[in-house]
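# Summary of the model geometry
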Amino acid sequence: MSPPASDTLAGVLDHVTVTRYVTPLREGGSLPALVEADDLGTNLAVDFLPGSVGFDPLGWTADPDFASQVLWFDALVQNVDRTWRNPNLLVWHRNIWLIDHGAALYFHHNWPTADPGRPFDAREHVLRARATRLAEAHAELAPRITEAVLKEVTALVPGEWFGDRGASAYTEHLLARAPIVPEVIRG
């Protein structure tokens, strides 16, 4: 017997038909595109920011507090894909937005080797030079990574997306990593 549609991903997500391919978005390696759909564009956690431009470290600077918080966060989730070649940042209304976290949490591809203490190579991180306040970022952000918050966040994700280990494996990994983020950053 199969589960009711409401208990599966098919029952959670709306189905739409793409009616027009508008334009490719030249960010990242996944080749996303802007399309129109028969429901006017319902999507999964994605919003088009009209008039946004890709972050260029030669044309934009990031506040040291913000840069430090982004580097801290990327080290926490082990996001190796925020380099000067592919910053995965957009500028919209003079604010910098983090996009494309597809390379984060890569440890989940091999749980037997998933080590919360694994070093994070920050040498190529697009904001590394501006991230001069890592101690302050750690003091502010580490206490926010709590079991309650992680359980709340993982509860929003369909359970089958976590695989055999379940959401608790992610919670345990991030809870173990958060207190040591400054220690694992290299570069």
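### Remarks on the sheet that holds strand E3 (residues 53-54)
Here three strands make up an open sheet; going across it, the order is E3-E4-E5 and the pairing antiparallel. At either margin of the open sheet sits one strand with a lone partner, and together these are E3 and strand E5 (95-98). One ladder, built from two bridges, connects E3 with strand E4 (residues 89-92); its direction is antiparallel. Counted as the bridge partner of valine 53 is valine 91 from E4.

### Section: the packing of helix H2 (residues 64-77) against helix H3 (residues 134-141)
Axes are the key here: two packed helices are described by the angle between their axes and the distance separating the axes. Running from N to C, H2 and H3 point in directions that differ by 65°, and their axes come no closer than 8 Å. Of the two elements, H2 crosses H3, and the hand of that crossing is right-handed. Where H2 approaches H3, its residues Ser68, Gln69, Leu71 and Trp72 are matched on the opposing element by Leu134, Ala137, His138, Glu140 and Leu141. Taken together, the residues of the contact of H2 with H3 break down into five nonpolar, three polar and one charged.

### Thoughts on the nonpolar core
The biggest cluster of nonpolar side chains holds 27 residues, and the ones touching the most others in it are Phe55, Leu71, Trp72, Leu76, Leu127 and Ile185. Those elements that place two or more of their residues in this core are H2, E4 and H3. Here this core takes seven residues from H2, the largest share from any one element. If we ignore the near neighbours within four places in the chain, the residues touching leucine 76 are Ile145, Leu174, Arg177, Ala178 and Val181. Of all hydrophobic cores here, the second largest spans five residues; its members include Trp111, Phe162, Ala169 and Tyr170.

### What about unusual backbone geometry?
Unlike most non-glycine residues, glutamine 78 shows phi in positive territory, near 55°. Tracing the sequence through the fold places glutamine 78 in the loop between H2 and E4. Here glutamine 78 falls in the buried class, since its relative accessible area comes to 1%. With a phi angle near 70°, arginine 94 is a residue other than glycine that sits in the positive phi range. Note on placement: arginine 94 falls in the loop between E4 and E5. Since its relative accessible area comes to 73%, arginine 94 is described here as exposed.

### What to know about the packing of aromatic side chains
One pass over the structure, following the stated rule, counts five aromatic pairs. Measuring from ring centre to ring centre gives 5.2 Å for tryptophan 111 and tyrosine 170, while their planes differ by 90°; the resulting arrangement is edge-to-face. Within this pair, whereas tryptophan 111 is found in the loop between E5 and strand E6 (120-121), its partner tyrosine 170 is found in helix H5 (residues 167-177), the two being separated by 59 residues in sequence. For tryptophan 111, a relative accessible area of 16% corresponds to the buried category.

How each quantity is defined
Residues numbered from 1 in each chain as written. Predicted model: local features only at pLDDT ≥ 70, side-chain atom pairs only at ≥ 80, totals over all residues. Heavy atoms only, no water. Pairing = 2+ DSSP bridges. Helix = DSSP H or I, 4+ residues; strand = E, 2+ residues; numbered from the N terminus. Axes fitted to C-alpha atoms, helices over the stretch in contact; angles between N-to-C directions. Left-handed = near helix turned anticlockwise from the far one by under 90°. Contact = heavy atoms within 4.5 Å. Nonpolar A, V, L, I, M, F, W, Y, C, P; charged D, E, K, R; others polar. Core = buried A, V, L, I, M, F, W, Y, C linked by side-chain atoms within 4.5 Å. Buried < 20%, exposed > 50% of the residue type's maximum accessible area, 1.4 Å probe, protein only. Phe/Tyr/Trp six-rings, centres within 6.5 Å; stacked < 30°, edge-to-face > 60°.

Shape descriptors only; they carry no functional weight alone.
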